[in-house]
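Single-letter residue listing:
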Amino acid sequence: MRAAITAVGGYVPDKVLSNKDLEKLVDTSDEWIQSRTGIKERRVMAEGTATSDICVQAVNQILEKRGISATEIDLVIVATVTPDHVFPATANIVSDKIGATNAWGFDLSAACSGFLYALDTGAKFIESGKHKKVLVCGADKMSAIVNYEDRNTCVIFGDGGGAVLLEPCDDENGIIDSILKSDGSGRAFLHQKAGGSMHPPTHETIDAREHYVHQEGKTVFKFAVTNMAEVSRDIMDKNNLTGDDVDYLCAHQANLRIIDATARRMELDDEKVLINIERYGNTTAGTIPLLFWDFEKKFKKGDNIVLAAFGGGFTWGSVYLKWAYNS
Ligand code: UT7
């Protein structure tokens, strides 16, 4: 039995933070940001809101679209690096807020690859026959951990995310294959130093600004270009797909140049490469479900879609699926 995505939902907050706005905060320019990343603006959440609120908005769209009740959900997985709290899991909070009283759930931490890791994990519960309805969310409130005095990182990230519903599928569509990878030796180049058990919060960690994202951009860029392109090519070769066979690439939106390199390696025409980085920036676990949300109307039943991501950890991977419905 295969697991198929049967509905998608997404959410970004209303407040726009444009490149021009950032010019007032740090020494940067709209020209630099657009030419180096492809980003024009990103969204930021209001104070007093959290990652669970992104998930709730997305999930409520799904419940309405599918005409189902939250009590029918078996499992909720939330991929995020910005959980509402260190514990309990954001998945529990989402379940409580939507009224999924029959579900269990957990959070999954794989940074920008989080949605792919969570999608593959959720699919296993459907494939095994254990569950019939699994919600997979990918969402991050990156503004909670971004230093708006650091031009290396603050221009990149934004808030938002989305969710998908996984259900059993008895035709040839659904999630077909995945290749997921990790290499913890890359942790030095992209991490949040303090706040965990290694460096619990103290006045010193706050003063040293260690609760913000630290990224060595150039190094991460090199690993991202190589690994995301390679894993996407690998999943095509493993499934005997040529560039002509692939209908769409939904790649993690970290940098237009990384997405372009992946698309070239996959030998894809430009119109098959879905892009929304210009509007939302890098929403970490949120980018791929946000692509589904924005481009759902383009997808037709049976379309061959390749998902690809690279992120902190390092983590990376690719998923091959056949879209399961016409919207
Ligand atoms: O999402 C998870 C994984 N993350 C990624 O995939 C991100 C990967 N990395 C990147 O996308 C790129 O490395 C960045 C967009 C972060 C940076 O672009 P870059 O082309 O690698 O720039 P750079 O870090 O090599 O910096 C080039 C120059 C430097 O100045 P010098 O040393 O050449 O004088 C930086 O100081 O650009 C400077 N710079 C900036 N200038 C204006 C760095 N950030 C900015 C900025 N505005 N915001």
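Keep in mind it's a predicted model, so treat the numbers as computed, not measured.

We now examine the pattern of salt bridges. Within the structure shown, the criterion is met by 17 salt bridges. Residues Glu-296 and Lys-65 are paired through a salt bridge, measuring 3.1 Å at the closest nitrogen-oxygen approach. Placement of the pair is Glu-296 in the loop between helix H11 (287-295) and strand S12 (304-311) and Lys-65 in helix H3 (residues 51-66), with a sequence separation of 231 residues. Through salt bridges with shared partners, a single ionic network connects Arg-66, Lys-133 and Glu-167.

Before going further, it helps to examine the domain arrangement of the chain. As assigned here, the chain comprises domain 1 (2-171) and domain 2 (175-322). Measuring from the centre of the C-alpha atoms in domain 1 to the corresponding centre in domain 2 gives 14 Å. Listed by partner, the interface residues are 54 residues for domain 1 and 46 residues for domain 2. Across the domain 1 to domain 2 interface the summed buried area is about 3,900 Å²; carbon plus sulfur atoms make up 62%.

Every buried residue of helix H9 (residues 256-265) is accounted for by Ile-258, Ile-259, Ala-261, Thr-262 and Ala-263. The elements touched by buried residues of H9 are helix H8 (217-238) and strand S11 (248-251). Where H9 starts, the residue carrying a side-chain oxygen 2.8 Å from the main-chain nitrogen of Arg-257 turns out to be Asn-255. Of the residues flanking the end of H9, it is Glu-267, one or two places downstream, whose phi is positive at about 55°.

A few words now on the sheet that holds strand S8 (residues 174-182). Strands sit in the order S8-S13-S12-S11 across an open sheet of four strands; the sheet is mixed. The open sheet is flanked by S8 and S11, the only strands paired with a single partner. Ignoring which end each strand starts from, the neighbouring axes of this sheet average 15° apart. Looking at chain direction, S11 and S12 are connected through four bridges and run parallel. Opposite Cys-250, over in S12, you have Leu-307 as the bridge partner. Strands in contact with H11 are S11 and S12; relative to S11, the strand with the most contacts, it is inclined by about 140°.

Here the focus is the packing of H8 against H9. The description of two packed helices rests on the angle between their axes and on the distance between the axes. It is the contact of H8 with H9, at a shortest axis distance of 8 Å, that shows an interaxial angle of 30°. What the angle tells us is that H8 and H9 run roughly parallel. H9 is crossed by H8, and the crossing has right-handed handedness. For the pair formed by H8 and H9, the contact residues are Phe-221, Ala-224, Val-225, Met-228, Ala-229, Glu-230, Ser-232 and Arg-233 on the first element and Arg-257, Ile-258, Ala-261, Thr-262 and Arg-265 on the second. In the contact of H8 with H9, the residues fall into seven nonpolar, two polar and four charged.

In this section: the sheet that holds strand S7 (residues 159-169). Hydrogen bonding along the main chain pairs the strands of a sheet, whether they run parallel or antiparallel. Judged by pairing direction, the sheet is mixed, and its five strands sit side by side in the order S1-S7-S6-S4-S5 without closing on themselves. Every other strand in the sheet has two partners, leaving strand S1 (2-11) and strand S5 (104-108) as the edge strands with one partner each. Neighbour to neighbour, the strand axes of the sheet diverge by 20° on average, direction disregarded. Contacting S1, strand S4 (75-79), strand S6 (134-141) and S7, H3 runs over the sheet at an angle of about 120° to S1. Here H11 sits on the sheet and contacts S1, S6 and S7; the angle it forms with S1, its principal contact strand, is near 85°.

What counts and what doesn't
Residues numbered from 1 in each chain as written. Predicted model: local features only at pLDDT ≥ 70, side-chain atom pairs only at ≥ 80, totals over all residues. Heavy atoms only, no water. Salt bridge = Lys/Arg side-chain N within 4 Å of Asp/Glu carboxyl O. Helix = DSSP H or I, 4+ residues; strand = E, 2+ residues; numbered from the N terminus. Domains from an automatic or database assignment. Contact = heavy atoms within 4.5 Å. Buried area = accessible area lost by both parts, 1.4 Å probe. Buried < 20%, exposed > 50% of the residue type's maximum accessible area, 1.4 Å probe, protein only. Polar contact = N/O pair within 3.5 Å; in protein donor to acceptor, adjacent residues only side chain to side chain. Pairing = 2+ DSSP bridges. Axes fitted to C-alpha atoms, helices over the stretch in contact; angles between N-to-C directions. Parallel < 35°, antiparallel > 145°, perpendicular 65-115°, else oblique. Left-handed = near helix turned anticlockwise from the far one by under 90°. Nonpolar A, V, L, I, M, F, W, Y, C, P; charged D, E, K, R; others polar.

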